[in-house]
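# Observations on the model geometry
Read off the chains here:
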Amino acid sequence: MDNNAFEKQMRSLEYFHNLRLLPGAWVVIRVDGRGFSRFTESRYDKPFDLKFHKLMMQTAKALLEELQGIYAYTESDEISVLFPTEWNLFDRSLEKIVSISASIASATFTHAAQTTVNFDSRVWLGANKAQVLDYFRWRQADATRCALNGWCYWTLRKTGHSVAQATSALHSKSVGFKNELLFQQGINFNDLPAWQRRGTALYWEEYEKEGYNPIQNQTVVVKRRRIKLDEDLPMKDAYQELIAHLLNAGQVEALPHLADFLAV
Ligand SMILES: Nc1nc2c(ncn2[C@@H]2O[C@H](COP(=O)(O)OP(=O)(O)OP(=O)(O)O)[C@@H](O)[C@H]2O)c(=O)[nH]1
Ligand SMILES: [Mg+2]
């Protein structure tokens, strides 16, 4: 076999390398911390930890910036990043997108936390805007369900219940039951921080910046982009309206700048 034939044969065994995301589809990449139940157990406050939350936001910011997404949503140990239909990074190669997004997330979190972690990554494809709205509503419902379960579970554990007792006390129980359980311990679920119950969003906004043009010797106003942070997301229909607004490239009302939050 000559060198060319050998090269071709070997390349043909890179079997998945030609896979491309469907042209014209909306793309969401979701990364998720690997084994984070164990990783968070001894390192962070339960059920929620502000330090951990900030690390997740920093990771979401890196993904949004480096991959040029239009919207990122984070809850628990996962981050979803939305890309427009015309997004063409890495020629829409599935292998590249999945591996590089997992790599960006793992490296960013590891560097910021000074502890090695891994993220997995997957791709979701949406045929139209309605499916994209459903996707984010789905992840937000997951955030709410996990927050209620997490608060109940750790409230029971902190009041002397074993793993088995806490697990069985919550098994197949209704939302009403869980809310009441917390209420009996002086916790009103609806008063807990919105980022815990509804997740957090990051997206781009345009702003005007004053600059100086030395050739014309005058002050000019230039448009710049920066990432906004929304930790007080609405729910259900109102949340879908916010996403619909972003899909239509609308402007969202002023919110605190991410850098201000991370500096706290
Ligand atoms: N202590 C603490 N744990 C958190 C926080 N946010 C998320 N977690 C935990 O992260 C875990 C995420 O769950 P999963 O992604 O389903 O489980 P996993 O262990 O990461 O498993 P794989 O994703 O399948 O690798 C849950 O156990 C959460 O309790 C937090 O703020 N504090
Ligand atoms: Mg995980």
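Figured I'd write up the structure that's included with this text. (Residues numbered from 1 in each chain as written. Chains lettered and ligands numbered in written order. Predicted model: local features only at pLDDT ≥ 70, side-chain atom pairs only at ≥ 80, totals over all residues. Heavy atoms only, no water.)

### Observations concerning the overall build of the protein chain
The following threshold applies: A run of H or I in DSSP becomes a helix once it reaches four residues, and a run of E becomes a strand once it reaches two; helices and strands are each numbered from the N terminus. Buried residues are those whose accessible area, probed at 1.4 Å on protein chains only, stays under 20% of the maximum for their type, while exposed residues exceed 50% and partly exposed ones sit between those limits. Working rule for contacts: check all heavy atoms of both residues, and any pair within 4.5 Å makes them a contact.
Looking only at helices and strands, the protein chain has 10 helices and six strands in total. When the backbone C-alpha atoms are referred to their principal axes, the protein chain occupies close to 70 × 70 × 40 Å. When the 264 residues of the protein chain are sorted by exposure, 40% land in the buried category. Partitioning the intrachain contacts of the protein chain with sequence separation of at least 6 by distance along the chain shows that 71% fall at a separation of at least 24.

### As for the site of ligand 1
Note the following rule: Residue proximity to a molecule or strand is established when one non-hydrogen atom of the residue lies within 4 Å of it. Accessible surface area values rest on a Shrake-Rupley calculation with a 1.4 Å probe, where residue burial reflects the displayed protein chains alone.
In the region of ligand 1, 16 residues are neighbours, and D32, G35, F36, S37 and D49 sit closest. Here ligand 1, which alone exposes 650 Å², has 67% of that area covered by the protein. For the shell around ligand 1, the secondary structure elements donating two or more residues are β1 (26-33) and α2 (36-41). Ranked by the residues each element gives to the shell around ligand 1, the list is headed by α2, at three residues.

### A look at the side chain of T155
What counts here: Nitrogen and oxygen atoms within 3.5 Å of one another constitute a polar contact, given that in protein one can donate a hydrogen and the other can accept it, and given that sequence-neighbouring residues count only through two side-chain atoms.
Residue position: T155 is located in helix α5 (residues 129-158). At 2.5 Å, the side chain of T155 forms a polar contact with the backbone oxygen of W151.

### Points about the packing of aromatic side chains
Cut-off, in case you're wondering: Side-chain rings of Phe, Tyr and Trp (the six-membered ring for Trp) are treated as a pair once their centres are within 6.5 Å; stacked means planes under 30 degrees apart, edge-to-face means over 60, and tilted covers the remaining angles.
According to the stated counting rule, one finds 19 aromatic pairs in the structure shown. Relative to Y239, the ring of Y73 has its centre 5.9 Å away and its plane inclined at 45 degrees; by these criteria the two rings are tilted. Residue Y73 is located in strand β2 (residues 71-75), and its partner Y239 is located in helix α9 (residues 236-247); the two are separated by 166 residues in the primary sequence. Y73 gets classed as buried once you look at its relative accessible area, which sits at 0%. Residue Y239 is classed as buried on the basis of its relative accessible area of 0%. On the numbers, 5.5 Å between centres and 75 degrees between planes, the contact of Y135 with W138 is edge-to-face.

### Structural notes on the coordination of the magnesium ion (ligand 2)
For clarity, the threshold we go by: The donor set covers N, O and S atoms within 2.8 Å of the metal, switching to 3.2 Å for Na, K and Ca, and it leaves out water, so a site may look short of donors. The geometry test gives tetrahedral to four donors whose angles all lie between 85 and 135 degrees, gives square planar to four donors and octahedral to six donors whose opposite members are over 155 degrees apart with all other angles between 65 and 115, and gives irregular to the rest.
Every protein donor of the magnesium ion (ligand 2) is listed here as D32 (OD), G33 (O) and D77 (OD), and their distances to the metal cover 2.0 to 2.2 Å. One way to put it: the six donor atoms around the magnesium ion (ligand 2) meet at angles of 83 to 179 degrees, and that makes the site octahedral. Donor residues for the magnesium ion (ligand 2), ordered by position in the chain, follow D-G-x43-D. Taken together, the residues G33 in strand β1 and D77 in the loop between β2 and β3 (78-83) connect sequence positions 44 residues apart. Across the pair, exposure class does not vary: G33 and D77 are buried alike.

### With respect to the packing of α5 against helix α6 (residues 163-170)
Keep this limit in mind: Throughout, an axis means a line fitted to C-alpha atoms (over the contacting stretch in the case of helices), and angles, computed between N-to-C directions, take values from 0 to 180 degrees. The labels follow the angle: roughly parallel below 35 degrees, roughly antiparallel above 145, roughly perpendicular from 65 to 115, and oblique for the rest. By the definition used in this description, the sense in which the near helix is turned from the far one sets the handedness, with an anticlockwise turn below a right angle giving left-handed and a clockwise turn giving right-handed. Basically, the charged four are Asp, Glu, Lys and Arg, the nonpolar ten are Ala, Val, Leu, Ile, Met, Phe, Trp, Tyr, Cys and Pro, and anything else, Gly included, counts as polar.
Two elements in contact, α5 and α6, have axes whose closest approach is 9 Å; the angle formed by their N-to-C orientations is 140 degrees. The angle between α5 and α6 falls in the class oblique. Crossing of α5 over α6 shows right-handed handedness. In this structure, α5 uses N149, C152, Y153, L156 and R157 to contact α6, whose residues at the interface are V163, A166, T167, A169 and L170. Looking at the contact of α5 with α6 residue by residue, the class counts come to seven nonpolar, two polar and one charged.

### Let's talk about the sheet that holds strand β4 (residues 119-126)
Where we set the bar: Pairing between strands is defined by DSSP: at least two bridges between the two strands are required.
Read from one edge of the open sheet, six strands run β4-β1-β3-β2-β5-β6, paired in antiparallel fashion. Among the strands making up the open sheet, the edge pair consists of β4 and β6 (218-230). Direction aside, the axes of adjacent strands within the sheet are offset by 20 degrees on average. In terms of strand pairing, β2 meets strand β5 (residues 200-213) through four bridges, oriented antiparallel. Residue Y71 lies in a different strand from β5, and its bridge partner there is Y203. Across the sheet, α5 is in contact with β1, β2, β3 and β4; its angle to β2 comes to roughly 25 degrees. Across the face of the sheet, α9 comes into contact with β1, β2, β3, β5 and β6 while running at roughly 150 degrees to β2.

Fair warning: the whole summary comes from geometry, so function is off the table for now.
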